[in-house]
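Survey of secondary and tertiary structure
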Amino acid sequence: MSDAEEILGYEFKDPRWLWEALQAAGSPVTRVGTRSLREGNKQLAGLGDRIISVVIFMTSVDDNISIGNTNAQIQMCPNNERLARLCETVGLTRCIVRNPSQQGMVSQRTKADTLEAVVGAVFKDGGLDAAEEVIERLGIIDLLVTLQTLPTSHVKSVIKMTLNSVLYPVCPRNPSVGCIRRRGRRSTYGAGGNSPWYSTD
């Protein structure tokens, strides 16, 4: 579990939460402490999904983003395909305790559930602030841009670009320009105002 803690950048006070979060559905581990795991990490994954939505809402309120754009972000950001790719990229997949019947394979849904489950585990162990830090570290919503600074015509293209990204992307024509969003840090609209890329400077 130390590898998982290193990936998350968070040391658990009660490691049992992390151990539960790493159990895929069908894992041979059926009990962690006093908790019975009937569906692996799915309870924590459900919690983590909601915590991600809460953090998106908090960021949107801070940045005065419309409710429509906020809801679009909530629908697109915790997308299973994107979360599964992110789980693979950060190295969390190798930490998953797998279902023996899957013969070493890890499904897209299992990867996505695990990423959400570790967020839920951090929330249970350390509260919302700790969960928000892990969400940012993993890049789950780091890629959200400050939509209120965009012309309306660019909003959909930026959301689509964000969904298809895993870590910090760069503009193919200018490596110094990318799409990055951190809560409390304002990005600058780049490329002369005619492109949905944001400057990371």
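Here the residue numbers are simple positions, counted from 1 along each chain's written sequence. Only residues with pLDDT of 70 or above have their local features reported here, since the model is predicted, and side-chain atom pairs are shown and tallied only from 80 upward, although totals for entire chains, interfaces and linings are computed over all residues. Side-chain metrics rest on all non-hydrogen atoms present in the structure, leaving aside hydrogens and water.

1. As for the overall build of the protein
- Here a helix means four or more residues in a row that DSSP labels H or I, a strand means two or more in a row labelled E, and each is numbered from the N terminus. Within the protein, the regular secondary structure consists of seven helices and six strands.
- The N-to-C order of helical and strand elements in the protein reads α-α-β-β-α-α-α-α-α-β-β-β-β.
- Counting every atom, the protein has about 10100 Å² of accessible surface; 49% of that belongs to carbon and sulfur. Residue exposure ignores everything except the shown protein chains as possible cover, and the areas themselves are Shrake-Rupley values with a 1.4 Å probe.

2. Thoughts on the packing of helix α3 (residues 42-63) against helix α4 (residues 67-76)
- Relative to each other, α3 and α4 sit at 150°, their axes nearing to 10 Å. Taken together, α3 and α4 sit at an angle that is classed as roughly antiparallel. For α3 against α4, the interelement crossing comes out right-handed. Together, Ser 53, Ile 56, Phe 57 and Ser 60 of α3 and Ile 67, Thr 70, Asn 71, Gln 73 and Ile 74 of α4 make up the contact between the two elements. Axes here refer to lines fitted to C-alpha atoms; in helices the fit is confined to the stretch in contact. Angles between the N-to-C directions go from 0 to 180 degrees. With respect to orientation, any angle under 35 degrees is reported as roughly parallel, any angle over 145 as roughly antiparallel, any angle of 65 to 115 as roughly perpendicular, and every other angle as oblique. Here a crossing is called left-handed whenever its near helix is offset anticlockwise from the far helix by less than a right angle, and right-handed whenever the offset is clockwise. By definition in these notes, contact holds between two residues if any of their heavy atoms fall within 4.5 Å.

3. Things to note about the nonpolar core
- The definition of a nonpolar core used throughout is a set of buried Ala, Val, Leu, Ile, Met, Phe, Trp, Tyr and Cys residues joined through side-chain atoms within 4.5 Å. The buried label goes to any residue with under 20% of its type's maximum accessible area, the exposed label to any with over 50%, and the partly exposed label to all in between, with areas taken from a 1.4 Å probe on protein chains only. With 38 residues, the main nonpolar core has Leu 8, Leu 92 and Ile 140 as its most contacted residues.
- Elements that contribute at least two residues to this core include exactly α1 (2-8), α2 (16-21), α3, α5 (80-90) and α6 (108-138).
- At 12 residues, α6 tops the list of elements feeding residues into this core.

4. Focus on the packing of α3 against α6
- At a minimum axis separation of 7 Å, α3 and α6 run at an interaxial angle of 60°. Here α3 is positioned oblique relative to α6, judged by the angle of their axes. As for how α3 packs across α6, the hand of that crossing is left-handed.

5. Overview of the side chain of Thr 110
- One can find Thr 110 in helix α6.
- Filtering out sequence-adjacent residues up to four positions away, Thr 110 remains in contact with Ala 24 and Ile 96.

6. Re the confidence of the model for the protein
- With 69% of its residues at a pLDDT of 70 or more, the protein shows a mean pLDDT of 76.
- How sure the predictor is of each residue is captured by pLDDT, a score from 0 to 100. Averaged pLDDT values for the elements of the protein fall to 34 in strand β5 (residues 188-189) and rise to 96 in α2.
- Across residues 145-150, where pLDDT falls below 50, the model places 26 contacts with residues more than four positions away in sequence or in other chains.

7. Side note on α5
- Taken as a whole, α5 has its buried residues at Arg 82, Leu 83, Ala 84, Leu 86 and Cys 87.
- Directly after α5, the chain includes Gly 91, whose backbone phi takes a positive value near 95°.

8. Some details on the pattern of salt bridges
- Salt bridges are defined by distance alone: a side-chain nitrogen of Lys or Arg within 4 Å of a carboxyl oxygen of Asp or Glu. Following the criterion strictly, the structure yields six salt bridges and no others.
- The network of salt bridges with common partners includes Lys 42, Arg 109 and Asp 113.

9. Re the side chain of Asn 41
- In this structure, Asn 41 sits in the loop between β2 (35-36) and α3.
- A polar side-chain atom of Asn 41 sits 2.9 Å from the main-chain carbonyl oxygen of Ala 21.
- Apart from the residues lying within four places of it in its own chain, the contact partners of Asn 41 are Glu 20, Ala 21, Gln 23, Ala 24, Asp 113, Thr 114 and Ala 117. As used in this structure description, the phrase polar contact means that two N or O atoms lie within 3.5 Å; if the pair is within protein, one of them must be able to donate a hydrogen and the other to accept it, and residues adjacent in sequence are counted only when both atoms belong to side chains.

10. Brief notes about the environment of Leu 138
- On the secondary structure map, Leu 138 appears in helix α6.
- Once the C-alpha coordinates of Leu 138 and Val 90 are considered, the two residues, 48 residues apart in sequence, prove to be 7.2 Å apart.

11. Some remarks on the packing of aromatic side chains
- Each pair of aromatic rings taken from Phe, Tyr and Trp, with Trp reduced to its six-membered ring, is defined by centres within 6.5 Å and is described as stacked if the planes are under 30 degrees apart, edge-to-face if over 60, and tilted in the remaining cases. A complete count under the given rule lists one aromatic pair for this structure.
- A ring pair is formed by Tyr 10 and Phe 12, whose centres lie 4.9 Å apart and whose planes are at 90°; its orientation type is edge-to-face.
- For Tyr 10, a relative accessible area of 13% translates into the label buried.

12. A few points about the environment of Cys 95
- The topology assignment puts Cys 95 in the loop between α5 and α6.
- Spatially, the C-alpha atom of Cys 95 lies 7.2 Å from that of Met 1, the residues being 94 residues apart in sequence.
- Setting aside chain neighbours within four positions, we find Cys 95 in contact with Asp 3, Ala 4, Ile 7 and Leu 22.

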